[in-house]
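Observations on the three-dimensional arrangement
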Amino acid sequence: MNRARISAVQQFCSNDPVPYFIDGEWSTGTEAPIAVIDPANDLPVCTVACAGADEVDRAVVAARRAFDQGLWSQARPDERSLHLNRWADLVDRDREILAELETLQTGKPIRESRGDVARALDGIRFYAASARNIRGEVIDVSSRHHSYVISRPLGVVAAIVPWNVPIVLTVSKVAPALAAGNSVIVKPSQTTPLTALYLARLWQEADLPAGVYNVINGPGRSVGEALCLHPGVTGITFTGGTDTGLHLGELAARQNKRVMLELGGKSPNIVLRDADIDRAIPGSANAIFYGQGQICAAGSRLLAEAPIYDRLVEGVSAFAASMKIGDPLDEATEFGCLTSISHRDEVMGWVRRAIDDGASVAAGARNAVVPGLPDGAFMEPTVLVDVPPTAPISCEEVFGPVLVVQRVDDIEQAIAWANDSQFGLSAGVWSRDSARARQVASRLEAGVVWINDYGVFNPAMPFGGVKLSGSSHREWSHLALDAFMEHMSIWESNA
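For the structure given in this document, a descriptive report is provided here. (Residues numbered from 1 in each chain as written. Predicted model: local features only at pLDDT ≥ 70, side-chain atom pairs only at ≥ 80, totals over all residues. Heavy atoms only, no water.)

1. Re the packing of aromatic side chains
Where we set the bar: Only rings of Phe, Tyr and Trp enter the pairing, Trp through its six-membered ring, and a pair is recorded when the two centres are within 6.5 Å. The plane angle decides the type: under 30 degrees is stacked, over 60 is edge-to-face, the rest tilted. A run of DSSP states H or I qualifies as a helix once it reaches four residues; a run of E qualifies as a strand once it reaches two. Both are numbered from the N-terminal end. Each residue's exposure class comes from its accessible area (1.4 Å probe, protein chains only) as a fraction of the maximum for that residue type: buried when under 20%, exposed when over 50%, partly exposed otherwise. For a lysine, the NZ atom is tested; for an arginine, the CZ atom; a charge sits over a ring if that atom is within 6 Å of the ring centre and within 35 degrees of the ring normal.
Tallied over the entire structure, the rule returns 13 aromatic pairs. Summarising the aromatic geometry, the rings of W163 and F399 are spaced 5.4 Å apart at their centres and angled 90° between planes, so their arrangement reads as edge-to-face. Remark: F399 occurs in the loop between helix 13 (392-395) and strand 16 (402-408) and W163 occurs in the loop between strand 7 (156-160) and helix 6 (166-179); sequence separation between them is 236 residues. Seen in terms of ring centroids, F457 and F463 are 5.6 Å apart; in terms of plane orientation they differ by 65°. Their pairing is edge-to-face. Judged by its relative accessible area of 9%, F463 falls in the buried class. Linked through ring pairs, W72, W87, W203 and Y213 together constitute an aromatic cluster. Over the ring of F457 we find R119; its NZ or CZ atom is 4.1 Å from the centre of that ring. If you follow R353 out to its NZ or CZ, it ends over the ring of W350, 5.1 Å from the centre.

2. Focus: helix 10 (residues 277-289)
What counts here: Residue count minus one, scaled by 1.5 Å, sets the expected span of a helix. Whether two residues are in contact is decided by their heavy atoms, any of which lying within 4.5 Å being enough. Pairs of N or O atoms within 3.5 Å make up the polar contacts considered here, provided that, within protein, one atom can donate a hydrogen while the other can accept it, and that residues adjacent in sequence are counted only when both atoms are side-chain atoms.
The terminal C-alpha atoms of helix 10, which comprises 13 residues, lie 18 Å apart, in line with the 18 Å expected from a rise of 1.5 Å per residue. Listing the buried residues of helix 10 in full gives I277, A280, I281, G283, S284, A285, A287, I288 and F289. Where the residues of helix 10 are buried, they touch strand 12 (268-271), strand 13 (301-305), helix 11 (306-322), strand 15 (382-385), strand 16 and strand 18 (426-430). At the N-terminal end of helix 10, a side-chain oxygen is found 3.2 Å from the backbone nitrogen of D278, two or three residues along, and the residue is D276. Backbone geometry just downstream of helix 10 places G291 in the positive-phi region, at approximately 70°.

3. Quick notes on the sheet that holds strand 5 (residues 137-138)
Selection rule: For two strands to pair, DSSP has to find at least two bridges joining them.
The antiparallel open sheet is built from 3 strands, whose spatial order is 5-6-21. Sheet topology places strand 5 and strand 21 (485-493) at the edges, where each strand pairs with a single neighbour. In this sheet, strand 21 lies alongside strand 6 (residues 145-153) in antiparallel orientation, the contact comprising 9 bridges. The residue bridging H145 from the neighbouring strand is S493, located in strand 21.

4. With respect to the environment of P19
For P19, the position within the fold is in the loop between helix 1 (7-14) and strand 1 (20-22). For P19, a relative accessible area of 13% gives the class buried. Each C-alpha atom, one on P19 and one on H473, is 32 Å from the other, the two residues being 454 residues apart in sequence. Filtering out sequence-adjacent residues up to four positions away, P19 remains in contact with W26, S27, T28, A49 and L197.

Structure, rendered in structure tokens:
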């Protein structure tokens, strides 16, 4: 594949600007359009229409009207299941278009984008099936009453999606909300809105109810905050930076809305002295370098017991140096570019400060130049050693392909350093001793722990963090479906 876009992508991006989707109709609004930049060449892919305050209100009113009319919210669960599967069929048909759109707007290798689209498709199908399993509960508490619990949708859900894995994170929010019977308004990142908009095209093609799935573009400060404050929005689901998420949570708390936050991470990956090093090396490298490190769950802290430290550093450094950096649309590319020049420069700033503070470079730590793409946001996958556990780069989320490797004396020190963080999203443990690995995992302050693996996902498994990494609600699994529903207790007297 070369950089010449396939005709379907060309056609989708040919509108100037690409409109947003409210109440089953496409609109360009009155605000200045936003350019979507291909980070591999720093050139515009297209522009997208930007919503203003009036469009936010129109989207919420349309979503609420659709909810109250009941074509979706009051449909039988098996009917919603069939509709979601019809939507999924179109996603499956256009999976290559979606993958290319994802790569053009994010800079990730096309092979990663194909995996993300497959994961999103699996998520829609999972919740299509889950819609059939929404159930109530009879609770026998009194001989004088028939008492039971029913589940019903929240109403209008605002889904605020970040730029790093747009299609997966759109589906992780939208699919369970729709399966539960809600109407949804998606606010994608203004830099990566194309796959959410294309999903709207497929929703329309599937002839699904207007107003149930809506997409509006615009800055978080205006559109995102307006959604959180709008009285017609009853639930908010957000993935993104910790400070932004906490701010939106405060706004939503003023009206006691249901809020689901999935925030930052600084995830520890612990390799014990008895680990299978031949598995731990590629596993630990992929844990940080997949997605160019722009993953909230990235294993950015590698804690290695002293006896295997040197071998592990040598191995992950060699892995980093061997990765093929190239055009994200090239089938052979293993490592694409970061999301923008400005973000690449920010990540490199973290690296320079760490080096100034005494860190040593084991691999990378330079910008990369790809032939034919001299203006792309490329950098080398980077491994740093000799970094104190209290150094800023050891504690704060860099959100880039920078691995900090630290030597620990024993398991107790590894656990203590792993938990000494404001974040608690994910973690990894590598050991041939399953009992020991499970014991270590149970003591880690994280929402997700992988043992002898890293970064494996399935829609049946919940995902989310503790501490500043997120709220008590979880994405994916039956728990996400539950988070988008209210549960009503009903007491019926037999007297």
